Amino acid sequence: MINQIRASVEAEFAQVNALIIEQLHSDVDMVENVGQYIVDAGGKRLRPLLALLAAASMGEVTDKHIKFAAVIEFIHTATLLHDDVVDISTLRRGRPTANSEFGNASSVLVGDFLYTRAFQLMVQLDDMRVLKLMADVTNLIAEGEVMQLVRAGDPDTSREQYFDVITRKTAILFAAACEGAAMLSGESDEVRHRMHNLGLNLGIAFQLIDDVLDYEGDPETTGKNVGDDLNEGKPTLPLIHAMQHASPADAAIIATALRTKSAEHLNKIVALASDTGGIAETRIAAKAHCDSVNEELKTLAPSAAKKSLETLAAFSLSRES
């Protein structure tokens, strides 16, 4: 389905990929090696694609939009490199993580390289509004990562605290992809606000489904191990809901697993997340946020890009990886 979604901006998407490869060049071999490893890992490049589709839905995709889409991908990739070190992850997209292959120090430092490369590209855009947007967004992402670290192992995390974390950690970059595209298209504050909301709700829905897949996804399809979130003590919505609706004894099993960051009772916890309605509730929440995306899309003029955005919203709910 991603190929179908990408069709309306296929040429521009290819330009973004070429720019990413070009901008990964460095005289330092380790940067080149880790950078190439990341590129070879593939991935949907959903966030830069979102920036391109947002731009196309408002008119045309310019060279500035191409650079901005690469910025979005570099920032996202940098967060992944740092995340995998913090989470001690060993598998992403079905292959060993960069930190498993090259070590934690190399992953952190190459992540820093990607952040700084992103800001070098942003300077070329010569737009202080976009620079401020992305500086603020990058700061919010960092705060979200720290908040997630603080909440790890805390079974008392509330639904509101969970949504605060995923908004900062994941959704805010989706929002920036859309809002930044609107800025570069010269759109009004009203349009920018609508595009921000569109991206934010899509990002929240995307993360909610990610958290569902951690408990019912197929590792062969997701490229991740089932129960990784439990091993990291992450109190995601399926578990928060389950603890609120399970018997005291069953809720205690989940709470203990989170505190000890152990997937020892994974099968039991997966069953509880399903039987208490935790999985279903998370999918319902994702659907509500996608409904908000579709409301914002109604304000856009008909176009192939708008249709792709509608398909992307549907894909975010039905995806298996």
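See the structure above.
Residues numbered from 1 in each chain as written. Predicted model: local features only at pLDDT ≥ 70, side-chain atom pairs only at ≥ 80, totals over all residues. Heavy atoms only, no water.

Draft legend 1. Seen up close, the layout of surface pockets. Considering only enclosed or pocket space, the largest pocket measures out at about 1,000 Å³ in volume. Taken together, 49 residues line the largest pocket, and the ones lying closest to its centre are Leu80, Arg92, Gln207, Asp210 and Lys224. Of all the secondary structure elements, the ones that give two or more residues to the lining of the largest pocket are α4 (46-57), α5 (63-86), β1 (91-92), α8 (128-151), α9 (159-184), α10 (189-216), α11 (219-222) and α12 (228-231). The element best represented in the lining of the largest pocket is α9, accounting for seven residues. When the residues that make up the lining of the largest pocket are grouped by side-chain class, the tally is 12 nonpolar, 16 polar and 21 charged. Approximately 450 Å³ is the volume attributed to the second largest pocket. Around the second largest pocket, the lining comprises 24 residues; the ones closest to its centre are His82, Asp83, Val86, Asp87 and Gln148. (1 Å grid on protein atoms, 1.4 Å probe; cavity = no way out; pocket = protein on both sides within 12 Å on 5 of 7 lines; lining within 4 Å. Points joined across faces, edges and corners; volume = space filled by probe spheres on them. Helix = DSSP H or I, 4+ residues; strand = E, 2+ residues; numbered from the N terminus. Nonpolar A, V, L, I, M, F, W, Y, C, P; charged D, E, K, R; others polar.)

Draft legend 2. Just empty space enclosed by the protein, in detail. Scanning the entire structure with this criterion turns up four cavities of 30 Å³ or more. Approximately 160 Å³ is the volume found for the largest cavity. Residue lining of the largest cavity: 13 residues in total, with Ile38, Asp84, Arg92, Arg93 and Ala98 positioned closest to the centre. It is α5 that provides the largest number of residues to the lining of the largest cavity, a total of four residues. Across the lining of the largest cavity, the residue classes tally to seven nonpolar, two polar and four charged. Of the voids in this model, the second largest cavity is the one considered here, and its volume is about 60 Å³.

Draft legend 3. Region of the structure containing the pattern of salt bridges. Going through the model one piece at a time under the given rule, you end up with 19 salt bridges. Between Glu190 and Arg194 there is a salt bridge, with its nearest N and O atoms 3.0 Å apart. Residue Glu190 and its partner Arg194 are both found in helix α10; the two are separated by four residues, about one turn of the helix. A salt bridge links Asp291 to Lys287; its shortest N-O distance comes to 2.9 Å. With Asp291 and Lys287 both in helix α16 (residues 278-297) and four residues apart, the pair spans about one turn of that helix. (Salt bridge = Lys/Arg side-chain N within 4 Å of Asp/Glu carboxyl O.)

Draft legend 4. Focus on the packing of aromatic side chains. Tallying each qualifying case throughout the model produces three aromatic pairs. Centroid distance Tyr37 to Phe102: 5.4 Å. Interplanar angle 80°. Geometry classified as edge-to-face. In this pair, Tyr37 sits in helix α3 (residues 29-40) while Phe102 sits in helix α6 (residues 98-102), placing the two residues 65 residues apart along the sequence. Residue classification places Tyr37 among the buried residues on the basis of a relative accessible area of 13%. A centroid spacing of 5.5 Å and a plane angle of 40° characterise the contact between Phe174 and Phe206, whose relative ring orientation is tilted. Placement of the pair is Phe174 in helix α9 and Phe206 in helix α10, with a sequence separation of 32 residues. For the pair Phe174 and Phe206, a shared accessibility class is recorded, and that class is buried. We note Arg95 situated over the ring of Tyr37; from NZ or CZ to the ring centre the distance is 3.9 Å. Positioned above the aromatic ring of Phe206, the side-chain terminus of Arg319 is 3.6 Å from the ring centre. (Phe/Tyr/Trp six-rings, centres within 6.5 Å; stacked < 30°, edge-to-face > 60°. Buried < 20%, exposed > 50% of the residue type's maximum accessible area, 1.4 Å probe, protein only. Lys NZ or Arg CZ within 6 Å of the ring centre and 35° of its normal.)

Draft legend 5. The arrangement of the packing of α4 against α10 in detail. Put simply, α4 and α10 touch, their axes get as near as 12 Å, and they point 150° apart. One way to sum up the angle between α4 and α10 is to call them roughly antiparallel. Between α4 and α10 lies a crossing whose hand is right-handed. Residue-level inspection shows Leu46, Arg47, Leu50, Ala54 and Ser57 of α4 in contact with α10, the latter providing Met195, Leu202 and Phe206. Within the contact of α4 with α10, the residues separate by chemical class into six nonpolar, one polar and one charged. (Axes fitted to C-alpha atoms, helices over the stretch in contact; angles between N-to-C directions. Parallel < 35°, antiparallel > 145°, perpendicular 65-115°, else oblique. Left-handed = near helix turned anticlockwise from the far one by under 90°. Contact = heavy atoms within 4.5 Å.)

Draft legend 6. Region of the structure containing the nonpolar core. Counting residues in each nonpolar core, the largest one holds 87 residues, and the members touching the most others are Ile75, Met134, Met195 and Leu208. Of all the elements, α9 adds the most residues to this core, at 15 residues. Setting aside residues no more than four positions away along its own chain, Ile75 makes contact with Tyr115, Ala118, Met122, Met134, Thr138, Ile141 and Leu173. (Core = buried A, V, L, I, M, F, W, Y, C linked by side-chain atoms within 4.5 Å.)

Draft legend 7. The arrangement of the environment of Leu213 in detail. Locating Leu213 in the fold gives a position in helix α10. Leu213 gets classed as buried once you look at its relative accessible area, which sits at 10%. Leu213 sits 118 residues away from Arg95 along the chain, and the two C-alpha atoms are 17 Å apart.

Draft legend 8. Inspection of the packing of helix α13 (residues 237-245) against helix α15 (residues 266-275) at higher detail. Between α13 and α15, whose axes approach to 8 Å, the crossing angle comes to 75°. For the element pair α13 / α15, the angle class is roughly perpendicular. Contact with α13, carried on its side by Pro238, Leu239 and Ala242, involves Ile269, Leu272 and Ala273 of α15 and no other residues of that element. A per-class count over the contact of α13 with α15 returns six nonpolar, no polar and no charged.

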